[in-house]
Amino acid sequence: MVELPVVSKESTENTRTRKPDWLRVKLPIGPNYRKVRTLVDEYKLHTICQSGNCPNMGECWGAGTATFMILGNTCTRSCSFCAVKTGRPNEYDADEPRRVAEAIVLMQVKHAVITSVNRDELADRGAEIWHQTVRLVKEASPSTTIETLIPDTKANWEALERMISAGQEVVSHNMETVERLYRKVRPQAKYQRSLEQIQRTKSGIMVGLGETQEEVLKIMDDLVAHNCDVLTIGQYLQPTQMHIAVAEFIHPDVFAMYKEVGLQKGFKFVESGPLVRSSYHAERHL
């Protein structure tokens, strides 16, 4: 494998203030952004855009789209990369599916992405709320296509079936990182268990966590072997000083190489770039 330019690890010691030029984003502005923010606040909804400190929030909300996060904003997992808060969640809101559906209608969303925190304390992992949310969105806005970015069900395959059986067009489950880094990055998840959830779906990983190019190519092979059609690859960014540090900033040329190699390996679509996130340009992945 030809080594392409990366930013040295030494240059990432102050990663929260000094980032490469290709990681700069515009501040969120514009009437569409304000409209989406108003509706999210009015309907008391959570979005991964806000909870996950997504760098593309301004672009996506400016285009009138958002990724909705259901089942609250407190996760039972403690992944070392994620900005969503960890703790003991409150009881879920049974009225949330209706509010999500109404907001999507008011936003005139053509393609909706729905995700959630992990709710390991629930026997069904929150599957019924998942099912009802997709069902009500489809009833309220039949023309809206839906991608569901589902959590790890801890091998509760009955819960998984309920989550993905309400009529959504795309099912996604993010691997997040290469196999060697799972214990460090996703301590409550298992690499092979996540691979088992990959069905007629897309997945996403982050780079810049200390993985090698060979490990990235291996996870590509593993995903293709588990019938994954779409892969997103983006730069990991440290949300706070309490989270795992950035090991390196990957050069855009490397992302371009990953896209080319991924397509050669059999993915139907590869979205690869420093600011790419799993729901970025999701409407293109149908």
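Residues numbered from 1 in each chain as written. Predicted model: local features only at pLDDT ≥ 70, side-chain atom pairs only at ≥ 80, totals over all residues. Heavy atoms only, no water.

### Remarks on the side chain of T153
Here's step 1: Considering the arrangement of structural elements, one finds T153 in the loop between β6 (145-149) and α6 (157-163).
Here's step 2: For T153, the contacting residues outside a window of four places in its chain are R125, L160, M163 and Q197. (Helix = DSSP H or I, 4+ residues; strand = E, 2+ residues; numbered from the N terminus. Contact = heavy atoms within 4.5 Å.)

### Structural notes on helix α10 (residues 252-265)
Here's step 1: The end-to-end C-alpha distance of α10, which contains 14 residues, comes to 20 Å, matching closely the 20 Å that a straight helix rising 1.5 Å per residue would cover.
Here's step 2: Taken together, the buried positions of α10 are V254, F255, M257, Y258, V261 and G262. Buried positions in α10, seen along its axis, are confined to an arc of 155° and lie on one side of it. For α10, the exposed residues set more than 90 degrees away from the buried face come down to E260 and Q264.
Here's step 3: Packed against the buried residues of α10 are β8 (201-207), α9 (213-225), β9 (228-235) and β10 (269-272). (Expected span 1.5 Å × (residues − 1). Buried < 20%, exposed > 50% of the residue type's maximum accessible area, 1.4 Å probe, protein only. Arc of directions from axis to C-beta.)

### A closer look at unusual backbone geometry
Here's step 1: A positive phi angle is found at L71, which is not glycine, with a value near 70°.
Here's step 2: In this fold, L71 is placed in the loop between β2 (67-70) and β3 (74-75).
Here's step 3: Owing to a relative accessible area of 1%, L71 belongs among the buried residues under this scheme.
Here's step 4: Residue E176 is not a glycine yet carries a positive backbone phi of 75°.

### Looking at the state of the cysteines
Here's step 1: Under the counting rule described, the total for this entry stands at zero disulfides.
Here's step 2: Cysteine C75 shares no disulfide, and the gap to the nearest cysteine sulfur, in C79, comes to 6.4 Å.
Here's step 3: The class of C75 is buried, set by a relative accessible area of 9%. (Disulfide = S-S within 2.5 Å.)

### A short note on the nonpolar core
Here's step 1: Of all hydrophobic cores here, the largest spans 38 residues; its most connected members are M175, V207, M220, L223, I233 and Y258.
Here's step 2: Residue assignment for this core shows that the elements contributing at least two residues are α7 (182-185), α8 (191-196), β8, α9, β9 and α10.
Here's step 3: By size, the runner-up hydrophobic cluster in this structure holds 33 residues, among which are L45, I129, L160 and I164. (Core = buried A, V, L, I, M, F, W, Y, C linked by side-chain atoms within 4.5 Å.)

### Quick notes on the pattern of salt bridges
Here's step 1: In this structure the tally under the stated criterion is 16 salt bridges.
Here's step 2: Of the charged contacts in the structure, one is a salt bridge between D120 and R77, with a shortest N-O distance of 2.5 Å. Linking D120 in the loop between β5 (111-116) and α5 (127-140) with R77 in the loop between β3 and β4 (85-86), this pair joins segments that are 43 residues apart in sequence.
Here's step 3: Given a relative accessible area of 18%, D120 falls into the buried group.
Here's step 4: Close ionic contact of R98 with E102 constitutes a salt bridge, the shortest N to O distance being 2.8 Å. In this pair, R98 and E102 both sit in helix α4 (residues 96-107), four residues apart, roughly one turn of the helix. (Salt bridge = Lys/Arg side-chain N within 4 Å of Asp/Glu carboxyl O.)

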